[in-house]
Amino acid sequence: MVGGGWRCVGVLLVVGLIAGCGGPPEGGTAAPGGSGPGVAPARQGVVLIGFDASEALIGALGQGKIQGLVVQNPVLMGELSVKAMVKHLEKQPVEPKISTGEAVVTPENYKSPEIDKLIHPVRAENVSGASLSGPKTKKWKVIVIPKGTTHEFWEALHAGTLKAAAELGNVEVIWLGPQKEDERDKQIELVHSAVAAGVDGIVLAPLDAHALVEPVEAAVAKGIPVVIFDSGLDTKKFVSFVATDNYHGGVLAARRLGEVLGGKGRVILLRYAVGSESTEQREKGFTETLAKEFPGLTLISDTEYAGPTFDSAQQKSQSLLTRYRGQVDGIFCPNESSTFGMLRALEGAGMLR
Amino acid sequence: MTNDLLEMTGVYKSFGATRALDGVSMSVGAGEVRALIGENGAGKSTLMKILSGAYRPDAGSMMLEGRPYSPRGPREALAQGVAMIYQELALAPALSVEANILLGQERVRSGFLRLREHRRIAAEALELLEHPDIRPDAKVRDLGVGAQQLVEVARALVSRARVIVFDEPTSSLSERDAQRLFAIIERLRRRGLAIVYISHFLEEVRRVAQTYTVLRDGRSVAEGKLAETNLRTIIGHMVGRDPGELFPRVPHEPGEPVLELAGFRAGSRGRPANLTLRRGEILGLAGLVGAGRTRLVRAVFGLEPVVAGRVRVAHIEGGYATPRARIEEGIGFLSEDRKGEGLAIGLAIEDNMTYPGLRRHARLGWLRLKERRDEVVRWMSRLRIAATGPLQPVGGLSGGNQQKVALARLLHQQADVLLLDEPTRGIDVGSKAEIYRLLGELAARGKAILVVSSYLPELFGICDRIAVMTRGSLTEALPVDRWTEHRVMEVATRGDEAD
Amino acid sequence: MLPARPGLHRRLLTWAWTVFGPFAGLALITALFAWMTRHSGQFLSVDNWRTIVVHTVIVGTAALGMTVIIIAGGIDLSVGSTVALVTVCMALFMKKVDPLLPEALRAWKVTMPLAIALGVGVGGLCGALNGALISGLRVVPFIITLGTYQAYRGLATWLASSTTVYVSAEMRPPWFGRIVAIDPEPRWLLVAPGVWMLLGLSLALAIFLRYSLPGRYAYAIGSNESTARLCGINVPAMKVWIYWLGGLAAGLAGVLQFAFLGGVGAPTTASGLELRVIAAVVIGGGSLSGGEGTVLGTLVGCLIMAVLENGCVHAGIPNAIQDIVIGVIIIIAVTLDRLRRGRTA
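Residues numbered from 1 in each chain as written. Chains lettered and ligands numbered in written order. Predicted model: local features only at pLDDT ≥ 70, side-chain atom pairs only at ≥ 80, totals over all residues. Heavy atoms only, no water.

Draft legend 1. Structural context of the overall build of chain B. The secondary structure content of chain B amounts to 17 helices and 25 strands. Radius of gyration (C-alpha) of chain B: 24 Å, near the 23 Å computed for a compact globule of 499 residues. Considering only C-alpha atoms, chain B reaches an extent of 70 × 50 × 50 Å along its principal axes. In chain B, which comprises 499 residues, the share counted as buried stands at 56%. Only carbon and sulfur atoms are counted for the fraction: they give 49% of the accessible area of chain B, which is about 21300 Å². (Helix = DSSP H or I, 4+ residues; strand = E, 2+ residues; numbered from the N terminus. Rg over C-alpha atoms; globule rule 2.2 N^0.38 Å. Buried < 20%, exposed > 50% of the residue type's maximum accessible area, 1.4 Å probe, protein only. Areas by Shrake-Rupley, 256 points an atom, 1.4 Å probe, with all protein chains shown as cover.)

Written out as structure tokens, the structure reads:
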């Protein structure tokens, strides 16, 4: 008797909540180009263009499963970031924007020596030599905060920072980052802790172009300089921005895809994650180049996000592929984890050449 | 005795400074049912745990079939032929009857259970108990409590136990199930098993056992043949003094009606009930467990739906009302399930005692804790509740003291009508007498009291009128001198119709 | 039987252990990290403790609500999702709804206060819905909030169209960011205003739990629901009310998270927050079977978690080891607490 009344209230609340929310905001979904019997079947295998190199991805490239990888130079990025910081600490002028270059690796060129250097960078094991509160052994103590610590990209970058430290000799590098690449609050807390521990400089790859602004500005206000790398930050208070020209990376990916497909076909863009400046630049470069230079390529899906981990990327890819099986010719993924997830999904679905 | 199967001599056991057993000697022979009698706290459960191997005795000897017996755990005790049937059944409710019967004694061949063998053994054991009606593949939770107990007995039989110890086996059984159990115990006895029967229902003990041992303060104070003694003597041994009056009577005078039920139905069975409860009287509701008495009083209090009929409390008439509303009308309810429902075991005495009447101590929603504590302390001393203080969690109190806290709650909420469901279940004789005296005093002060009880001597000892419930139908409430225990049982078990 | 009365000194000892016991763990962990980082001494610096207490605020605020829910024998797994939903709702409100408001209203600078009220309100609504479903459908809280954990997160993602919603800096008054800033402004506050707010709310909640009818009723429901019903407590209504309270706390935590992230409405934020909140309550002596838990214990639990995380960073312990250490500490803390209770009970 009593329970019955409450049941009604419960049901009413659910209905009310659903009704009160209104419709979802308009998405930019491009409608899939028809799936009726009139559509010509896709040709054998899907062309996959990825971003960043890991051993698994290079292996797949060698087997012809991946038609192109846009690679950055993480070692150089790590090295230049630390060097820029030390230069600033020693009162020398530093460029406000430092580019570290990007290139396309294809099954044809991946054995050439200069590409090999890019795709097999030195790597550092994820062990921490120095700690925030350890004794100060060098002149400068600098903390490097990546977006995450699990991708190979960051390990190569870590190696670059250690290389810079070895060459300079007067700087101690502390390597600390959040585990997953969407832990904004963790990264903010790390900046706080670094400030509290009194480091000489912070080298940061911001997870979010906006959320990290205030902690960075607070650090600068306390006299701790900040170098930004890999991904942009919505402030002007940092010393220098060391990064790949991500937009250009996206352009290179679009051109490679157009080249392999011969300028005709249907394409999926699997985005990475919301709020990540570097991958958004790549995605932008990719879509704008498609629209400008390849009228024969149609984008049939660009609204899905791979998420921060391999497994989230793989799950999302599998769903996408079951949806667009037989209708897709080429795919671009803007970072290592999304490329890997898509590769695994394509393999599982038997959709590779 | 020479043919003793199990013999204990001078068993001692202490926990820290407390002497739980202070020299207990007891023996039981093949084909004998020995009753182990004692108040709560006399040492019965410690003795039981020593028999089952859960505790080791500090001193004394135990012999089983002439050989030293010192089990290191229940498993070993069972292997040597001593089985326990506990008050709280030790069954896996989600498993089948046969799985429960063979739990821990599974027959295995090369790693696989021999399920057909299991079925056969279980069926045999149930046959032996003359209950082939219990299906071996039924889930234990679907069985009644009585049948569940049979499963436990069957388990003991399968293990080829020579000695079976029953701990308060009837405390949760209906009269009919209890009768069935007594018949089975008799059968086991004839088969030459030795049985120890722990209970403080003295009438029941007389029905099943031939010999008795009385425990008091950890000592075995008396033993003998039940046929050669009477109840008063045994009670005398249990309480260690002249029991005086077990049912102290305080004179009280019935007044005007305060609670009336007209055409009242709480369940689908039986005829609608009509009942009038007066100020200053104690009215007893007798009947078998499951007759619908508990459901009736719970529905009056608002804990169960009212199917039909009117309730009139102090001239205000209505149908169903919530417990909150009933409390405000001056009705108090004492649950038969003290631990599951009656009390919040983890909370302090002062909380448990004051929840229904908490608003009295609140000003604009804020409590005056001092005022509340003073009142709780007053009730504790009036009801002689033995505790370290009002902050002690009720879980640490003895059963009798817990029940006093539950009763004090009704007094604290200033109830005029007390609905008491099995108010003396599972508490010792001393506490029972105190509660009877308290009820008499309350009636003398004009409270109306309704007592549901399955213990007939208690109803006859304290009530002014008794009504009997049978399969959902309630008889007229007649003055107690118009009933005999025999007549009550006759009406209660008749079942089909009651005039 | 009357249990022997313990001697006076023994009672004093147990009393001290009951009151200060929870702090013992905190002191132990602090001492451990201070020793591990003894070379720099930065771990014990005022600045670092300002950082630690700020990192306690969000978990702590949500944990206050969770304390009441756990005392009442419930659980709320949807806290993290509620926080994410609140940040998204606030960001959308400031970005999309606010420009539609009349100019006169905006001149009064009501945008942020309105957004805060909205955030807390949305949290309260989420909590009330949890409570209504639990009472109305009579399904255990674990299942209901497991469902709403997914649903609220999905709602947040849907409302935000799967992206992060940013609010421009001009729309955020400076005082808003300062709520959880490490360096308080004005200086005489010593710690961030959010910390004072948490302390104030904690005090209010502690008084409420001890001296109010609903506070006592929460303990009754958690300790034995049947008894509560028997004592005339309206259990379904109380549950809705308790989860509503928990939702308000989660909403406030969402507002703080919004400030902490610098005006970012992120549907992925605060994932796993619910487990940290529950861990904090449990470390602080709350029992998942209900009827037990204190505000002081919860606060200490939150502090222990924050000190652990901060200390591991200072001591240079890698992420993976941090997680192991925190997991082990949770188990040890709860086990010790049970032993402590076993002795005093």
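Draft legend 2. Broad picture of the overall build of chain C. If you tally the helices and strands in chain C, you get 14 helices and 2 strands. Taken against the 2.2 N^0.38 rule, which gives 20 Å for 345 residues, the C-alpha radius of gyration of chain C at 21 Å falls within 12% of a compact globule. Evaluated residue by residue, chain C yields a buried proportion of 58% over its 345 residues. Residue pairs in contact within chain C that sit at least 24 positions apart in sequence constitute 78% of those at least 6 positions apart. Summed over its atoms, the accessible surface of chain C is roughly 14000 Å², and 72% of this surface lies on carbon and sulfur atoms. Averaging the locations of the 23 positively and 13 negatively charged side chains of chain C gives two centres separated by 10 Å. (Contact = heavy atoms within 4.5 Å. Lys, Arg positive; Asp, Glu negative; His and termini not counted. Charge placed at Lys NZ, Arg CZ, Asp CG, Glu CD.)

Draft legend 3. Spotlight on the interface of chain B and chain C. Each side of the interface is counted separately: chain B has 35 residues, and chain C has 24 residues. Both faces combined, the contact of chain B with chain C buries some 2400 Å², and carbon together with sulfur accounts for 62% of it. At the junction of chain B with chain C, the criterion picks out 1 salt bridge. Between Arg 216 of chain C and Asp 351 of chain B there is a salt bridge, and its shortest N-O distance comes to 2.7 Å. Applying the counting criterion to the chain B and chain C interface returns 11 residue pairs in polar contact (both at pLDDT 80 or more). (Buried area = accessible area lost by both parts, 1.4 Å probe. Salt bridge = Lys/Arg side-chain N within 4 Å of Asp/Glu carboxyl O. Polar contact = N/O pair within 3.5 Å; in protein donor to acceptor, adjacent residues only side chain to side chain.)

Draft legend 4. Here's a closer look at the environment of Thr 61 of chain C. Residue and element names in this part refer to chain C. Mapped onto the fold, Thr 61 is located in helix α2 (residues 46-71). Residues Thr 61 and Cys 302, 241 residues apart in the sequence, show an inter-C-alpha distance of 9.6 Å. Not counting residues up to four positions away in its chain, the partners in contact with Thr 61 are Leu 198, Ala 249, Leu 252, Ala 253 and Leu 256.

Draft legend 5. Structural context of the pattern of salt bridges. Throughout the structure, instances matching the rule amount to 59 salt bridges over all chains. For Asp 47 of chain C, the salt bridge is made with Lys 222 of chain A, and the minimal N-O distance between the two is 3.2 Å. Note that Asp 47 of chain C is positioned in helix α2 and Lys 222 of chain A in the loop between α7 (213-221) and β8 (226-229), a pairing that runs across two chains.

Draft legend 6. Structural detail: the domain arrangement of chain B. Residue and element names in this part refer to chain B. Annotation of chain B at the domain level lists domain 1 (4-239) and domain 2 (257-494). Averaged C-alpha coordinates put domain 1 and domain 2 at centres separated by 33 Å. Contacts between the two partners involve 12 residues from domain 1 and, on the opposite side, 12 residues from domain 2. Across the interface of domain 1 and domain 2, roughly 910 Å² is buried in total on both sides, 59% from carbon and sulfur atoms. Across the contact surface, domain 1 and domain 2 share 0 salt bridges. Joining domain 1 to domain 2, the criterion identifies 0 residue pairs in polar contact (both at pLDDT 80 or more). (Domains from an automatic or database assignment.)

Draft legend 7. Summary view of the pairing of strand β12 (residues 219-225) of chain B. Residue and element names in this part refer to chain B. Where strand β11 (residues 211-216) and β12 come together, 6 bridges link them in antiparallel fashion. Along β12, the bridge assignment pairs Leu 215 with Ser 220. Linkage of β11 to β12, two consecutive antiparallel strands, is achieved through a turn of 2 residues, within which Asp 217 is found at a positive phi near 50°. (Pairing = 2+ DSSP bridges.)

Draft legend 8. Main features of the side chain of Thr 424 of chain B. All names here are of chain B. Relative to the assigned elements, Thr 424 resides in the loop between β21 (417-421) and α15 (429-444). Side chain to side chain, Thr 424 and Glu 458 meet in a polar contact 2.4 Å long. Residues in contact with Thr 424, not counting those within four places in the same chain, are Gln 403, Lys 432, Ile 435, Tyr 436 and Glu 458.

Draft legend 9. Fine view of the interface of chain A and chain C. Listed per partner, the contact involves 44 residues of chain A and 53 residues of chain C. Between chain A and chain C lies a buried interface of about 4100 Å² when both sides are counted; carbon and sulfur atoms form 60% of it. The interface formed by chain A and chain C contains 3 salt bridges. For the pair chain A and chain C, the number of links is 8 residue pairs in polar contact (both at pLDDT 80 or more). When residues in the side of chain A that touches chain C are grouped by element, the largest group, 10 residues, is from helix α6 (residues 184-197) of chain A. Grouping the amino acids of the side of chain A that touches chain C by side-chain chemistry returns 19 nonpolar, 15 polar and 10 charged. (Nonpolar A, V, L, I, M, F, W, Y, C, P; charged D, E, K, R; others polar.)

Draft legend 10. Expanded view of the state of the cysteines. Residues and elements named next belong to chain C. Evaluation of the coordinates by the stated rule reveals 0 disulfides over all chains. Here Cys 126 is not disulfide-linked; the sulfur of Cys 89 is the nearest cysteine sulfur, at 7.6 Å. The exposure class assigned to Cys 126 is buried, which follows from its relative accessible area of 5%. (Disulfide = S-S within 2.5 Å.)

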